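Spelled out, the chains give:
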Amino acid sequence: MSGEAKTQNEIIEKYSGENKALLSVQDLHVWFELRRFGFGRAGYVRAVDGVSFDVGRGEALAIVGESGCGKSSLMKTILGLYKPNNGKVIMDGQDLQTLDAKGMRWYHSHVGYVQQDPYGALAPFMAVKKILEEPLIVGGIKSKEERQQRIQKAMEEVKLFPVEDFLGKYPHMLSGGQQQRVVIARAMIMGPYFLVADEPVSMLDASVRVEILKLLRGLQENHHLSVIYITHDLSTVSYFSERIFVMYAGELVEKAKVDRLLYNPCHPYTLALLNGTSVPDANNAKTFKEIPPGEPPSLVKPPAGCRFHPRCSRMIPDTCDVKVPPDFEPEPGHLVKCWLFQ
Amino acid sequence: MADEKLLRVKDLVLHFRTTHGTVQAVDGVDIELDYNRAVVIVGESGCGKSSLAKAILRLLPRNVEKYSGEVNLGGQDVMKLDDEDFRLNVRWVGMSMVPQAAMNALNPVLRVGEQVSEPAMIHLGMKKEEATQAALKMFQHVGVPADFISRYPFELSGGMRQRVAIAMALVTSPSLIILDEPTSALDVLTQANIFNVLKRIKKELGTSFILITHDIATSSELADEVAVMYAGQIVETGDAGRFFTAPLHPYSQKLMASVPRLRGTKELEFITGQPPSLVDLPIGCRFAERCPQRFEKCSQNPPMIKNDGRTVKCWLYH
């Protein structure tokens, strides 16, 4: 136990200065090859196309985007499940690509993963105790007593009380909220300092959703965790994170602090997402929403120039459809990939 | 018109038989709906809201233990009809349904045009060409390009498939459509698009809707009225505007306080505990155990109390 606490403290000390990133993603490209009849190459699906960002220690970051924008591919690359075609993922000073099998075990014991669908993420034939013990065995914790202790502690942390009642239960005997707590306990059990949460509440009911979000927020603050929170629902973001990245067609089109993005959105796509998100109001039923026409582009042959230009109402001819926009900075710390802010 | 209400559901009961006992999924539900109005039935998973939709449309599984009550559609008590009569003359023609995850329920080996025109051929006795024309007209209403008619479901995106499912429910021009979680698996922009489609249909065709959902925020896009369902019963009904600003029932209040707002500053709340099992329901108010405002009277079953044009099943308003 003390060993774990020490490493966590070390990490905290190491990254306590400004501008020191725990995770650094540099110009990441993840392309999937499309094969034709097993041999010929039919092109690539450019799921992640030139993404760079840093995550500081103890920072909660949200990545927002629609399905198919590449946010899950980005996350899986960060978790080391996909190999990037280009670019680097550097965690705690170590390039992910240079790690061997032992290194990856080190990596996975420090990076937790909370899946979207809790029922799908838990093996139906394992009891809760077994589910939580598995990562400890893989992580090389030999003492049975210590494993027991850690399970006890993790379950108390996610508020599965009384612990004894839950240890012998199988996933189907738990409610959706309880299943998600087990998933979170499993992600936390090795004492990670980094957590990736992929739509952790999208499958849950409204009242349970808040409970889980608060639980995650509490864990993040208590353990000084860095969290990447992936979601399509902008309305939950402000309750959870400090910065938001908006992803569209494999690229991060806007990066900003949460309140700046909510009150001063710059990219036309961000604006559309904000307009599309409902808050309960009876006036909604009386008006039609303005939605950009069309659908997100194919990632095999993305549009030239800005990838949003075919749907954008403020498109500048001969600029947006020709040149790829770089990151502009309309205000300090607020980056947007859009020619309007040149 | 003898009855100006389109739909009047009275004391509707649907119980299922299971190995664990009787599941009281729908337990004495009353709903009324006018022409060209939309009511949203809000509830959490397992509260019986999908069973309510099935009970209204008489889409019953085999293990039904009790099915009773009155479903009055356009002045006719359709509960008195036999199954065949109901199938031919009420389902699709009078009211139709877009089931949950409808976009994944399309037949993968039939072109979407055939699937949309089929109800018109069976229920309205249309010839094939006529039905295809009707389908094309509906495609226009829901915003599916006409040339999609000869495509297969896998060639369409999720949003387009959902539109096709709505077109299918519309093709027989029913006066009522029941939507079960129409947008729960879709992206934000696609969701907003589908609600634009539904609003347009309501305006242009005068259709009424029952929208069943757990998502209060997006349901406000269509709602004229709201009914809150908890443990097999409706606990509050009323005008949407007043519900969104000041819900009456303690459960509704908690539910509204748990809805995240885009630019919200208020602390979100959640409801402790879990809803009661529908097999073993408590005596008295079913929310009492989790209710912060309970008092002695809550051990008795509260009646539906009228409160300034709204109704609420709670002793606080007695």
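Just so we're clear, the structure is a prediction, and the values are computed from it rather than from any experiment.

K.L.:
Help me understand the overall build of chain A, please; the structure alone is not making it clear to me.
P.N.:
The helix and strand inventory of chain A stands at twelve helices and twelve strands. In summary, chain A has a C-alpha radius of gyration of 21 Å against a globular reference of 20 Å for 342 residues, a match within 12%. Overall, the C-alpha framework of chain A stretches about 70 × 55 × 50 Å when taken along its three principal axes. Looking at the 342 residues of chain A, the share that counts as buried comes to 44%. The contacts in chain A between residues at least 6 apart in sequence include a share of 65% that link residues at least 24 apart.

K.L.:
Help me out: how do you make sense of the overall build of chain B in this one?
P.N.:
Secondary structure assignment for chain B yields nine helices and twelve strands. A compact globule built from 318 residues would reach a C-alpha radius of gyration of about 20 Å, and chain B, at 20 Å, matches this within 12%. When its C-alpha atoms are laid out on the principal axes, chain B stretches across 65 × 50 × 45 Å. Within the span of chain B, comprising 318 residues, buried residues form 49% of the whole. Partitioning the intrachain contacts of chain B with sequence separation of at least 6 by distance along the chain shows that 65% fall at a separation of at least 24.

K.L.:
Explain the packing of helix α5 (residues 128–138) of chain A against helix α8 (residues 176–188) of chain A to me, please; I cannot follow it from the model alone.
P.N.:
To describe two helices that pack against each other, one gives the angle between their axes and the distance between the axes. All names here are of chain A. At their nearest, the axes of α5 and α8 sit 8 Å apart, and the two run at 25° to each other. As summarised for this structure, α5 and α8 are arranged roughly parallel, according to the angle between their axes. As α5 runs across α8, the sense of the crossing is right-handed. Between α5 and α8, the residues in contact are V128, I131, L132 and P135 and V182, A185 and R186, respectively. Within the contact of α5 with α8, the residues separate by chemical class into six nonpolar, no polar and one charged.

K.L.:
What am I meant to see in the sheet that holds strand β10 (residues 251–257) of chain A here?
P.N.:
Across a sheet, paired strands are connected by hydrogen bonds in the backbone, their directions being either parallel or antiparallel. Residue and element names in this part refer to chain A. Read across the open sheet, the eight strands follow the order β6-β7-β8-β3-β9-β10-β12-β11; overall the sheet is mixed. Edge positions in the sheet fall to β6 (111–114) and β11 (328–331), since each has one partner strand and no second. Strand-to-strand twist across the sheet, computed as the mean angle between neighbouring axes with direction ignored, equals 20°. Taken together, the four bridges between β6 and strand β7 (residues 194–198) define a ladder with parallel strand orientation. Following the sheet pairing, V111 is matched in β7 by F194. The sheet strands contacting α8 are β6 and β7, and the helix crosses β6 at an angle near 170°.

K.L.:
Looking at this model, I keep getting lost on the sheet that holds strand β1 (residues 21–36) of chain A. Mind explaining?
P.N.:
Residues and elements named next belong to chain A. One open sheet holds the four strands; their spatial order is β2-β1-β4-β5, and the pairing between them is antiparallel. Each edge of the open sheet carries a strand with a single partner, namely β2 (40–56) and β5 (94–95). Pairing of β1 with strand β4 (residues 86–91) involves five bridges; the strand directions are antiparallel. Across the sheet, the residue bridging to L23 is M91, located in β4. Those strands touched by helix α2 (residues 71–78) are β1, β2 and β4, and its axis lies near 70° from that of β2.

K.L.:
So what exactly am I meant to see when it comes to the interface of chain B and chain A here?
P.N.:
It is common to give the size of an interface as the accessible area that goes away when the parts come together. In this complex, chain B contributes 36 residues to the contact, which on the side of chain A involves 32 residues. Elements supplying a minimum of two residues to the side of chain B that touches chain A: α6 (188–205), α7 (216–219), α8 (240–245) and α9 (250–257) of chain B. The element that contributes the greatest number of residues to the side of chain B that touches chain A is α6(B), accounting for six residues. Its residues placed into classes, the side of chain B that touches chain A shows 16 nonpolar, eleven polar and nine charged.

K.L.:
I tried to follow the pairing of strand β10 (residues 233–239) of chain B on my own but got confused; where do I start?
P.N.:
Note on strand geometry: in a regular strand, side chains alternate between the two faces of the sheet. Residue and element names in this part refer to chain B. β10 sits mainly inside the fold: six of its seven residues count as buried. Bridge count between strand β9 (residues 225–230) and β10: six bridges; the pairing is antiparallel. Counterpart to M229 in the pairing with β10 is I234. As defined by bridge partners, β10 adjoins strand β12 (residues 310–312) across two bridges and the pair is classed as antiparallel. In the sheet register, E236 faces β12, and the bridge partner there is V312.

K.L.:
Which parts of the structure should I look at to understand the environment of K144(A)?
P.N.:
Residues and elements named next belong to chain A. As for its position among the elements, K144 is in helix α6 (residues 144–157). Look at K144 and you get exposed, because 11 C-beta atoms sit within 10 Å. Sequence separation between K144 and A62 is 82 residues, and the spatial gap between their C-alpha atoms is 37 Å.

K.L.:
Can you help me understand helix α3 (residues 112–123) of chain B in this one?
P.N.:
For the α-helix, the turn length of 3.6 residues means that residues three or four positions removed from each other point alike. Residues and elements named next belong to chain B. The set of residues buried in α3 consists of V112, G113, V116, S117, P119, A120 and H123. With its buried residues spanning 140° around the axis, α3 presents them on a single face. For α3, the elements touching its buried residues are α4 (128–142) and α5 (158–170). Phi for G125, located one or two positions after α3, is positive at around 65°.

K.L.:
Help me out: how do you make sense of α5(B) in this one?
P.N.:
Residues and elements named next belong to chain B. When the terminal C-alpha atoms of α5 are compared, their 19 Å separation across 13 residues agrees well with the 18 Å that a helix rising 1.5 Å per residue should span. In terms of residue burial, α5 counts as a mostly covered element, since twelve of its 13 residues are buried. Looking at α5, one finds that the buried residues are G159, M160, R161, Q162, R163, V164, A165, I166, A167, M168, A169 and L170. On its buried face, α5 sits against β6 (95–98), α3, α4, β7 (176–180) and α6.

K.L.:
Quick question: what am I supposed to make of the pairing of β1(A) here?
P.N.:
Bridge count between β1(A) and β2(A): 13 bridges; the pairing is antiparallel. Along β2(A), the bridge assignment pairs R35(A) with R41(A).

K.L.:
Sorry if this is basic, but what is going on with the nonpolar core here?
P.N.:
Nonpolar side chains in soluble globular proteins generally cluster together in the buried interior. A185(A), V246(A), A167(B) and I178(B) are the most contacted members of the largest nonpolar core, which has 184 residues in total. Looking at which domains feed residues into this core, each of domain 1 (5–94 + 175–267) and domain 2 (103–173) of chain B supplies at least three. Beyond its immediate chain neighbours, meaning those up to four positions away, A167(B) contacts V116(B), A135(B), M138(B), F139(B), V142(B) and V144(B).

K.L.:
What exactly am I supposed to notice about the domain arrangement of chain B here?
P.N.:
All names here are of chain B. For chain B, the assigned domains are domain 1 (5–94 + 175–267) and domain 2 (103–173). Taking only C-alpha atoms, the centre of domain 1 and the centre of domain 2 are 24 Å apart. Each side of the interface is counted separately: domain 1 has twelve residues, and domain 2 has 13 residues. Sorting elements by how many residues they give to the side of domain 1 that touches domain 2 places α6 first, with six residues. Here the side of domain 1 that touches domain 2 is composed, by residue class, of nine nonpolar, two polar and one charged.

K.L.:
I would appreciate a short explanation of the packing of α3(B) against α5(B) in the present structure.
P.N.:
All names here are of chain B. Interaxial distance between α3 and α5 falls to 7 Å at its minimum, and their mutual angle equals 25°. Looking at the two axes, α3 sits roughly parallel to α5. Between α3 and α5 lies a crossing of right-handed hand. Between α3 and α5, the contacting residues are V112, Q115, V116 and P119 on the first element and V164, A167 and M168 on the second. Its residues assigned to classes, the contact of α3 with α5 shows six nonpolar, one polar and no charged.

What counts, and where the lines are drawn
Residues numbered from 1 in each chain as written. Chains lettered and ligands numbered in written order. Predicted model: local features only at pLDDT ≥ 70, side-chain atom pairs only at ≥ 80, totals over all residues. Helix = DSSP H or I, 4+ residues; strand = E, 2+ residues; numbered from the N terminus. Rg over C-alpha atoms; globule rule 2.2 N^0.38 Å. Buried ≥ 20, exposed ≤ 12 C-beta atoms within 10 Å, placed from the backbone. Contact = placed C-beta atoms within 7 Å. Axes fitted to C-alpha atoms, helices over the stretch in contact; angles between N-to-C directions. Parallel < 35°, antiparallel > 145°, perpendicular 65-115°, else oblique. Left-handed = near helix turned anticlockwise from the far one by under 90°. Nonpolar A, V, L, I, M, F, W, Y, C, P; charged D, E, K, R; others polar. Pairing = 2+ DSSP bridges. Arc of directions from axis to C-beta. Expected span 1.5 Å × (residues − 1). Core = buried A, V, L, I, M, F, W, Y, C linked by C-beta atoms within 7 Å. Domains from an automatic or database assignment.

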